[in-house]
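Fold and contact review
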Amino acid sequence: MIEVKDLRKEYNDDGVITTALDGVSFKIEKGEFVAIMGPSGSGKSTLMHIMGFLDRPTSGMFKFENRGIEELNDDQLAFVRNNKLGFIFQFFNLLPRTSVFDNVKLPLIYTHISEEEKKERVVKAIESVSLLSRIKNLSNQLSGGEQQRVAIARAIINNPSVIFADEPTGNLDSKSGQQIMEILQDLNEQGHTIILVTHEQYTAEMAKRIIKLRDGKIVSDEEVRERKIAKQGLIK
Amino acid sequence: MKLKDSIRLSFRTLKTNKMRSALTMLGIIIGVGSVILMMSLGNGAQNLIVGQVASMGSNNIYIEPGSPAGSISQQTIDQLGKVNLKIKDAEAIAKDPNVEMVASMIYGNGIASYLGEDKKITFMGVDSNALDISDLSIMVGRGINDDDVNGMSKIVVLGHKLAQDLFGEDDPLGKGVRIKKINLKVVGVLEEKGGQIFQTFDDYAYIPITTAQKLLMGVDYINAILVKAKSEEVIDQVVENARIILREQHDIYNSEGDLTKDDFKVMSQVDMANMLTQITGALTAFLSSIAAIALIVGGIGIMNIMLVSVTERTREIGLRKAVGARNKDIMNQFLLEAITLTLLGGIIGFLGGTFLSFIASIALTSVLQSSWGFTIPLGAVILSFVVATAIGLIFGIYPAKKAAKLNPIEALRHE
């Protein structure tokens, strides 16, 4: 499903070249739950952005469902991001002063489905993160954990094949973080491929596979032997 | 993204920054409002002038010295030195069988005093026809007759308002008024004529033309000849004949009828109406273009605030792109926001301008004592909406493009 081969990404900041990814290769199959780990500056966010069609690699190959970014024009990229991918960010990135309903609906306003179906899907997505009671609240009236659940509802609204989660628990208390991981594990059970970026070992161990990066290079890529299940209680 | 959603979204965004939106809109409101006001006032003035010129009698022809060529200001300067129109010119024109009546006129300014009461006035030296031709009637006493003109009588007929100003409750008939050191006996007072923009008949003092020329001013020329044609059909003919007669009188060789060679102007009511319409039209255009500067300033305000908005909402733009907005969607969103601002400003400005024009029409009606028609030209309505939208487009496109070009990653990283 996702194929990365010898991927390189360099940033040119006023003539100072910084290498964020230095030849990274791996494959991710449908239904996997992969954690990308590494200290800050290791290139894990850059890697996620490239895989999420938000950024372009300097060289190397990246293919999503056998198609690379260079084959897609701006409109097609927008379509892929809208239909195939879901994003969850560390700082939630909800629209301020906007209702939960409208926040979750956001990706749908760029599609051509009927108004009733949009409404139906929004309600279903909000229900799946147990926030129906907050549907009319404004995003800034919610707690951090609730905000992140709204972001998840938004990410799954178009039933994407891959969900990218960039430090989704990084800005939450451990209880809320655990709830988020529980939802992600559920989504994975339902067949969504999940790519989780984190620097926390215990969060990464809730995935099925961990790719460790350091200085833009893969240092390890292995299955999680003793996978942690969020439902079974707080892990600390 | 559907248009309906986009419009709803822009209204919501503008509502979240109420104060900012209102202040930004103010520029457009003032711009559109003042353009509407100027155009409405210009239109009202034009209607009033055309109406008044028409009410003077469409059979009248007005002759004054000066070449018809050149700019308006040049003509005015010419006129000051022109002393070539004489009473005998009027007498010659009167011989045209198509002419019903001819009146000669001279006018000057002076102080009128009665019992130590001084008032600055305009006096009109007229012959026996002038009051008839100008459609003025006597309220009390008598008018000016041929004997007065021939005998250089020291008499005066007062306009309605002038009589009131000088005499108040007293009966003016038979009293003496001093104008330019000459004592004149009041023999009549005119009926009230009502407000006129260019001629305030009620304020004038009418004296025999010969008295005005010889005793008050010491000159032998006249300022104008008023000719009344027998019917509307012969006006053109009378105008042409008057030109030929005056060329003969003034020894101007001009068989090809080149008006620039003449030292006089012959204007029918239609010509005067056209000329005045042209003047007010130019004035309206001039004032409207000054008002339009406010629109441009307002547009710059829109651009400024949209740029601020793009910077503020960089994260939102990145997010929208991440969830599937195309560049086009982002651009339309910001463009629509700018247009919503300007169009809303345009509507409010239009309503405000209309309201002010209405108030102005009431005020002008009472000041001028003649009905000032309140009109909003359709052109002004269309113009203000088209211009408001266009300003939103022009000044919104750059910020919108800037927003659309943002890299989603840079935008999401933006703190």
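Higher on the page you've got the structure.
Attention here is on the structure that accompanies the text. (Residues numbered from 1 in each chain as written. Chains lettered and ligands numbered in written order. Predicted model: local features only at pLDDT ≥ 70, side-chain atom pairs only at ≥ 80, totals over all residues. Heavy atoms only, no water.)

**Some remarks on the layout of surface pockets**
As a volume, the second largest pocket reaches approximately 530 Å³. Contributing to the lining of the second largest pocket are 24 residues, with Leu94(A), Leu95(A), Pro96(A), Arg97(A) and Glu316(B) lying nearest its centre. For the lining of the second largest pocket, the secondary structure elements donating two or more residues are helix H1 (3-16), helix H10 (269-312) and helix H11 (314-322) of chain B. Tallied by class, the residues present in the lining of the second largest pocket amount to seven nonpolar, nine polar and eight charged. (1 Å grid on protein atoms, 1.4 Å probe; cavity = no way out; pocket = protein on both sides within 12 Å on 5 of 7 lines; lining within 4 Å. Points joined across faces, edges and corners; volume = space filled by probe spheres on them. Helix = DSSP H or I, 4+ residues; strand = E, 2+ residues; numbered from the N terminus. Nonpolar A, V, L, I, M, F, W, Y, C, P; charged D, E, K, R; others polar.)

**Thoughts on the packing of aromatic side chains**
Each aromatic ring pair is summarised here by two numbers: the centre-to-centre distance and the angle between the ring planes. As enumerated under the stated definition, the model contains eight aromatic pairs over all chains in all. Look at Phe358(B) and Phe374(B): their rings are 5.1 Å apart centre to centre, the planes differ by 75°, and that puts the pair in the edge-to-face class. With Phe358(B) in helix H12 (residues 327-368) and Phe374(B) in the loop between H12 and helix H13 (378-405), this residue pair connects regions lying 16 residues apart in the sequence. For Phe374(B), a relative accessible area of 34% corresponds to the partly exposed category. By way of ring pairs, the aromatic residues Phe53(A), Phe62(A) and Phe64(A) are connected into one cluster. (Phe/Tyr/Trp six-rings, centres within 6.5 Å; stacked < 30°, edge-to-face > 60°. Buried < 20%, exposed > 50% of the residue type's maximum accessible area, 1.4 Å probe, protein only.)

**Considering empty space enclosed by the protein**
Inspection of the entire model under this criterion finds three cavities of 30 Å³ or more. For the largest cavity, the calculated volume is near 100 Å³. Every residue along the wall of the largest cavity is listed here: Thr13(B), Leu14(B), Asn17(B), Arg20(B), Ser21(B), Thr24(B), Ile305(B), Met306(B), Ser309(B), Arg313(B), Glu337(B) and Leu341(B). When contributions to the lining of the largest cavity are tallied by element, the ones reaching two or more residues are H1, helix H2 (18-55), H10 and H12 of chain B. Looking at side-chain class alone, the lining of the largest cavity contains four nonpolar, five polar and three charged residues. What the second largest cavity holds in volume is close to 60 Å³. Around the second largest cavity sit Arg81(A), Asn82(A), Leu85(A), Gly86(A), Phe87(A), Pro107(A), Arg154(A), Ala155(A), Ile157(A), Asn158(A) and Val323(B), which together line it. Elements that contribute at least two residues to the lining of the second largest cavity include exactly helix H2 (74-83), strand E5 (85-88) and helix H5 (144-156) of chain A. At three residues, the largest contribution of residues to the lining of the second largest cavity is made by E5(A).

**Observations concerning helix H8 (residues 209-217) of chain B**
Taken as a whole, H8(B) has its buried residues at Ile209(B), Thr210(B), Thr211(B), Ala212(B), Gln213(B) and Leu216(B). Of the residues one or two after H8(B), Gly218(B) is the one with positive phi, at around 65°.

**Let's talk about the interface of chain B and chain A**
Many authors give the size of an interface as the accessible area that is lost as the parts come together. In this complex, chain B contributes 25 residues to the contact, which on the side of chain A involves 26 residues. Summed over both sides, the interface of chain B with chain A buries roughly 2,400 Å², with 53% coming from carbon and sulfur. Asp102(A) is the salt-bridge partner of Arg12(B), the closest N and O atoms lying 3.0 Å from each other. Linking chain B with chain A are six residue pairs in polar contact (both at pLDDT 80 or more). Residue assignment for the side of chain B that touches chain A shows that the elements contributing at least two residues are H1, H11, H12 and helix H14 (408-413) of chain B. (Contact = heavy atoms within 4.5 Å. Buried area = accessible area lost by both parts, 1.4 Å probe. Salt bridge = Lys/Arg side-chain N within 4 Å of Asp/Glu carboxyl O. Polar contact = N/O pair within 3.5 Å; in protein donor to acceptor, adjacent residues only side chain to side chain.)

**Examining the packing of H11(B) against H12(B)**
Residues and elements named next belong to chain B. At their nearest, the axes of H11 and H12 sit 10 Å apart, and the two run at 140° to each other. Taken together, the axis directions place H11 and H12 in an arrangement best described as oblique. Crossing geometry of H11 relative to H12 is assigned as right-handed. Taken together, the residues of H12 that come into contact with H11 (itself represented by Glu316, Ile317, Arg320 and Lys321) are Asn327, Ile330, Gln333 and Phe334. Here the contact of H11 with H12 is composed, by residue class, of three nonpolar, two polar and three charged. (Axes fitted to C-alpha atoms, helices over the stretch in contact; angles between N-to-C directions. Parallel < 35°, antiparallel > 145°, perpendicular 65-115°, else oblique. Left-handed = near helix turned anticlockwise from the far one by under 90°.)

**Remarks on the sheet that holds strand E8 (residues 209-214) of chain A**
All names here are of chain A. The six strands are arranged E5-E6-E7-E3-E8-E9 in an open sheet whose pairing can be described as mixed. Looking at strand neighbours, the two that pair on one side only are E5 and strand E9 (217-223), the edges of this open sheet. Averaged over all pairs of adjacent strands, the angle between strand axes in this sheet comes to 15°, irrespective of strand direction. Where strand E3 (residues 33-37) meets E8, four bridges bridge the pair, whose relative direction is parallel. Each residue of the ladder has a partner; that of Ile36, found in E8, is Ile211. (Pairing = 2+ DSSP bridges.)

**Regarding unusual backbone geometry**
Residue and element names in this part refer to chain A. Phi angles above zero are rare outside glycine, and Asn93 is one such case at about 55°. For Asn93, a relative accessible area of 7% gives the class buried. Positive phi, normally seen in glycine, also occurs at Glu167, with a value near 50°. Residue position: Glu167 is located in the loop between strand E6 (162-166) and helix H6 (174-189). Residue class for Glu167 comes out buried when judged on its relative accessible area of 9%.

**Some details on the nonpolar core**
With 69 residues, the main nonpolar core has Ile63(B), Ile93(B), Ile179(B), Tyr206(B), Ile225(B) and Val227(B) as its most contacted residues. The element contributing the most residues to this core is strand E2 (residues 99-114) of chain B, with eight residues. Counting 66 residues, the second largest nonpolar core, distinct from the first, contains Val24(A), Leu77(A), Phe164(A) and Ala322(B). (Core = buried A, V, L, I, M, F, W, Y, C linked by side-chain atoms within 4.5 Å.)

**Some words on the pattern of salt bridges**
In the structure shown here, the tally under the stated rule is 27 salt bridges over all chains. Taking the shortest distance from any N to any O, the salt bridge between Arg134(A) and Glu146(A) comes out at 3.2 Å. With Arg134(A) in the loop between helix H4 (115-128) and H5 and Glu146(A) in helix H5, the pair connects residues that are 12 residues apart, well separated along the chain. A relative accessible area of 25% places Arg134(A) in the partly exposed class. For Glu146(A), a relative accessible area of 16% corresponds to the buried category. Between Glu312(B) and Arg20(B) there is a salt bridge, and its shortest N-O distance comes to 3.1 Å. Separated by 292 residues along the polypeptide, Glu312(B) in helix H10 and Arg20(B) in helix H2 bring together distant segments of the chain. Classification of Arg20(B) by relative accessible area gives partly exposed; the value is 23%. Salt bridges sharing partners connect three or more residues here, namely Arg8(A), Glu10(A), Asp22(A) and Lys217(A).

**Re a nonpolar patch on the surface**
All names here are of chain B. A surface patch of nonpolar side chains, amounting to about 560 Å² of accessible area, comprises Phe355, Leu356, Phe358, Ile359, Ile362 and Phe374. Along the chain, Ile359 turns up in helix H12. On the basis of relative accessible area, Ile359 is assigned to the partly exposed category, the value being 41%. (Patch = residues over 30% accessible without salt bridge, like charges linked within 9 Å, V, L, I, M, F, W, Y side chains within 5 Å. Areas by Shrake-Rupley, 256 points an atom, 1.4 Å probe, with all protein chains shown as cover.)

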